[in-house]
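# Structural characterization, general
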Amino acid sequence: MKRIALIGSTGSIGTQTLEIVRNNPEEYKVVALACGRNLELIEKQMREFHPSFVSVGDEEGAENLRAATRDLGIPVASGMTGLCEAAAHPDADVTVTAIVGMIGVQPTLAAIEAGKTIALANKETLVTAGHLVKKAAKEKRVMILPVDSEHSAIFQSLQGNTGNKISRILLTASGGPFRGRTREELEHVTLADALKHPNWSMGQKITIDSATMVNKGLEVIEASWLFDVEPSRIEVLVQPQSIIHSAVEYEDGAVIAQLGTPDMKLPIQYALTWPKREYLPGDRLDFTKMSAIYLEQPDMKTFRGLEFAYRAAEAGGVLPTAMNAANEYAVAHFLKEKIRFLEIYDWIEYAMDTAPKMAEPSVEEILAEEADTIRRLGEKFLK
Ligand code: NAD
Ligand code: MG
């Protein structure tokens, strides 16, 4: 039986992880859950999965949840301390990081420190603290198994090829809801337009990131850390149907890809069952009913997320943090309809242009740069 600590249990990845647990009760046991503010849902999850420990975003929420679940006798903590405690729970074998944003840095490092296998969905942590995560995982001999669909596809395409040289990684992208639009056409797109992803149903932040292609940029950096490949050898290709989930090209020219329907439960489950595969209910690809699968180059001039990410990856230091923190802050404002779609790019660019140079930043320096990015953006754009 695999014992799971799940941080971000009420979100899109979190609830799909619990669906897998629900369908395989003999194989998995949830030992810790954490979320931000969705107390109603986490209470339901506590009643269904009986974890030994729970944490929520703030102390007020924790007080309310304790009162509502007194009959269960499950300890409820809050804040960063509680989040790290949940992620590193002593009974857990694997920690699923389904939390959104670079708030995942500290709990992910705490889980690695405690020797947990990491099933990683929380890409912002690898983007901002990849060097620290890799180093800690190596020292603790901890496996980091990707949950992000493209990275899972790459990981699957690497199986059985230990020692074989990779020439390129082909990272596929759907192109999001605005694929093919010009910059002028993006001037006045609305929040509702941006939230209409053609293929995937996901949390709001990543859905906006898919529309700006910042998501694909973050994924380039994520892939370079996960698979030890320089960003210049990671090629992004738009594959609008999201059937080819990504591929690896080897020295001899062979391209090995993973294909499937767009269902996040496959990569989530594979991170839990690896190296085995297990039955997963759901639709199967029917090639006879499919129109042509086509691929095209991304429009990096209009959708600047990729340009920023290649630049951040090359510079290293706190530039990826400035890029990511600015994006998180800008997207939060876009989600409240306080700024326009294209302004997200202006905010990221400004934050990167004004970021300090620094090699190998510590956790404290990364968090300080996050705070400083928010300060700089506030001074520039919110006065
Ligand atoms: P979501 O917004 O649906 O869920 C986020 C979860 O994080 C929620 O449970 C929320 O309560 C929790 N959370 C937020 N702030 C918190 C805080 N301060 N303390 C504790 N918990 C907090 O997000 P999602 O779409 O499930 O994405 C989660 C991560 O997985 C992101 O990093 C995203 O990029 C990545 N990812 C998601 C998908 C997808 O299909 N949704 C696919 C690939 C990668
Ligand atoms: Mg992805």
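Going by the structure above, here's the rest.
Reading the values: rules and limits
Residues numbered from 1 in each chain as written. Chains lettered and ligands numbered in written order. Predicted model: local features only at pLDDT ≥ 70, side-chain atom pairs only at ≥ 80, totals over all residues. Heavy atoms only, no water. Buried < 20%, exposed > 50% of the residue type's maximum accessible area, 1.4 Å probe, protein only. Helix = DSSP H or I, 4+ residues; strand = E, 2+ residues; numbered from the N terminus. Arc of directions from axis to C-beta. Contact = heavy atoms within 4.5 Å. Disulfide = S-S within 2.5 Å. Pairing = 2+ DSSP bridges. Axes fitted to C-alpha atoms, helices over the stretch in contact; angles between N-to-C directions. Donors = N, O, S within 2.8 Å, 3.2 Å for Na, K, Ca; no water. Salt bridge = Lys/Arg side-chain N within 4 Å of Asp/Glu carboxyl O. Parallel < 35°, antiparallel > 145°, perpendicular 65-115°, else oblique. Left-handed = near helix turned anticlockwise from the far one by under 90°. Nonpolar A, V, L, I, M, F, W, Y, C, P; charged D, E, K, R; others polar. Core = buried A, V, L, I, M, F, W, Y, C linked by side-chain atoms within 4.5 Å. Phe/Tyr/Trp six-rings, centres within 6.5 Å; stacked < 30°, edge-to-face > 60°.

## Digging into helix 13 (residues 305-315)
For helix 13, every residue scored as buried is listed here: Gly305, Leu306, Phe308, Ala309 and Ala312. For helix 13, the angular spread of buried residues about the axis comes to 160°, placing them on one side. Opposite the buried face of helix 13, by more than 90 degrees, sit the exposed residues Glu314 and Ala315. Buried positions along helix 13 lie against helix 10 (204-212), helix 11 (214-227), strand 9 (234-238), helix 14 (319-335) and helix 15 (343-353). Just downstream of helix 13, glycine 316 is the residue with a positive phi angle, here 65°.

## Describing the state of the cysteines
Within this structure, the stated rule accounts for zero disulfides. Free of any disulfide, cysteine 84 has its nearest cysteine sulfur in cysteine 35, 15 Å distant. Cysteine 84 gets classed as buried once you look at its relative accessible area, which sits at 17%.

## Considering the sheet that holds strand 3 (residues 53-56)
Pairing in this open sheet of seven strands is parallel, and the strands run 4-3-2-1-5-6-7 from one edge to the other. Every other strand in the sheet has two partners, leaving strand 4 (76-78) and strand 7 (144-146) as the edge strands with one partner each. Looking at each pair of strands side by side, their axes are set apart by 25° on average, direction ignored. Of the strand pairs in this sheet, strand 1 (residues 2-7) and strand 2 (residues 28-34) are connected by six bridges, and their pairing is parallel. Within strand 2, the residue paired with isoleucine 7 across the bridge is alanine 34.

## A closer look at the sheet that holds strand 9
The strand order across the open sheet built from four strands is 9-8-10-11, with neighbouring strands paired in mixed fashion. The open sheet is flanked by strand 9 and strand 11 (255-259), the only strands paired with a single partner. Across the sheet, the axes of successive neighbouring strands diverge by a mean angle of 20°, strand direction being ignored. Judged from the five bridges that link them, strand 10 (residues 244-250) and strand 11 form a sheet pairing that is antiparallel. Bridged to glutamate 249 within strand 11 is valine 255. Packing against the sheet, helix 11 makes contact with strand 8 (166-173) and strand 9, and its axis sits at approximately 150° to strand 8.

## Observations concerning the coordination of the magnesium ion (ligand 2)
At this site the magnesium ion (ligand 2) is bound by Asp148 (OD), Glu150 (OE) and Glu219 (OE), with donor distances of 2.1 to 2.2 Å. Spacing between the donor residues of the magnesium ion (ligand 2) along the chain follows D-x1-E-x68-E.

## Notes on the pattern of salt bridges
Where side chains of opposite charge bring their charged atoms close, a pairing between them can arise. Using the criterion set out here, one finds 31 salt bridges in the structure. Among the ionic pairs, glutamate 187 bridges to arginine 340, the shortest N-O distance being 3.2 Å. Here glutamate 187, found in the loop between helix 8 (183-186) and helix 9 (191-194), pairs with arginine 340, found in the loop between helix 14 and helix 15; they are 153 residues apart in sequence, far enough to count as distant. Exposure remark for arginine 340: the relative accessible area of 39% places this residue in the partly exposed category. Residue lysine 289 is joined to aspartate 286 by a salt bridge in which the shortest nitrogen-to-oxygen separation is 3.2 Å. Using a relative accessible area of 71% as the deciding quantity, one classes lysine 289 as exposed. Look at the salt bridges and you will find they share partners, linking Lys123, Asp148, Glu150, Lys216 and Glu219 into a network.

## Notes on the packing of helix 7 (residues 149-158) against helix 11
Following both chains from N to C, one finds helix 7 and helix 11 inclined at 30°, their axes separated by 10 Å at the closest point. Here helix 7 lies roughly parallel to helix 11, going by the angle between them. Viewed along their axes, helix 7 and helix 11 form a crossing whose handedness is right-handed. Note on element contacts: helix 11 touches helix 7 through Lys216, Glu219, Glu222, Ala223, Leu226 and Phe227, opposite Glu150, His151, Ile154, Phe155 and Leu158. A per-class count over the contact of helix 7 with helix 11 returns six nonpolar, one polar and four charged.

## Observations concerning the nonpolar core
Considering soluble globular proteins, one finds that nonpolar side chains tend to be buried as a cluster. Counting 113 residues, the largest nonpolar core has Phe227, Met323 and Phe341 as the members making the most contacts within it. A per-element tally of this core places helix 14 first, with eight residues. Excluding residues within four positions of it along the chain, phenylalanine 341 makes contact with Phe178, Leu186, Val189, Ala194, Ala211, Thr212 and Phe334.

## Things to note about unusual backbone geometry
In this structure, the amide linkage connecting tryptophan 274 to the following residue, proline 275, adopts the cis form with an omega of 5°. Residue position: proline 275 is located in the loop between helix 12 (265-273) and helix 13. Positive phi outside glycine occurs at serine 242, with the angle close to 50°. Relative to the helices and strands, serine 242 is located in the loop between strand 9 and strand 10. The exposure class assigned to serine 242 is buried, which follows from its relative accessible area of 7%. For glutamate 337, which is not glycine, the phi dihedral falls at a positive 60°. Relative to the assigned elements, glutamate 337 resides in the loop between helix 14 and helix 15.

## With respect to the packing of aromatic side chains
Tallied over the entire structure, the rule returns nine aromatic pairs. Judged by centre distance (5.3 Å) and plane angle (10°), the ring pair of tryptophan 347 and phenylalanine 381 falls under stacked. Here the residue tryptophan 347 occupies a position in helix 15, and phenylalanine 381 occupies one in helix 16 (residues 363-381), the gap between them amounting to 34 residues. Overall, tryptophan 347 belongs to the buried group, its relative accessible area being 1%. Aromatic rings pair up to connect Phe178, Phe308, Phe334, Phe341 and Tyr345 into one cluster.

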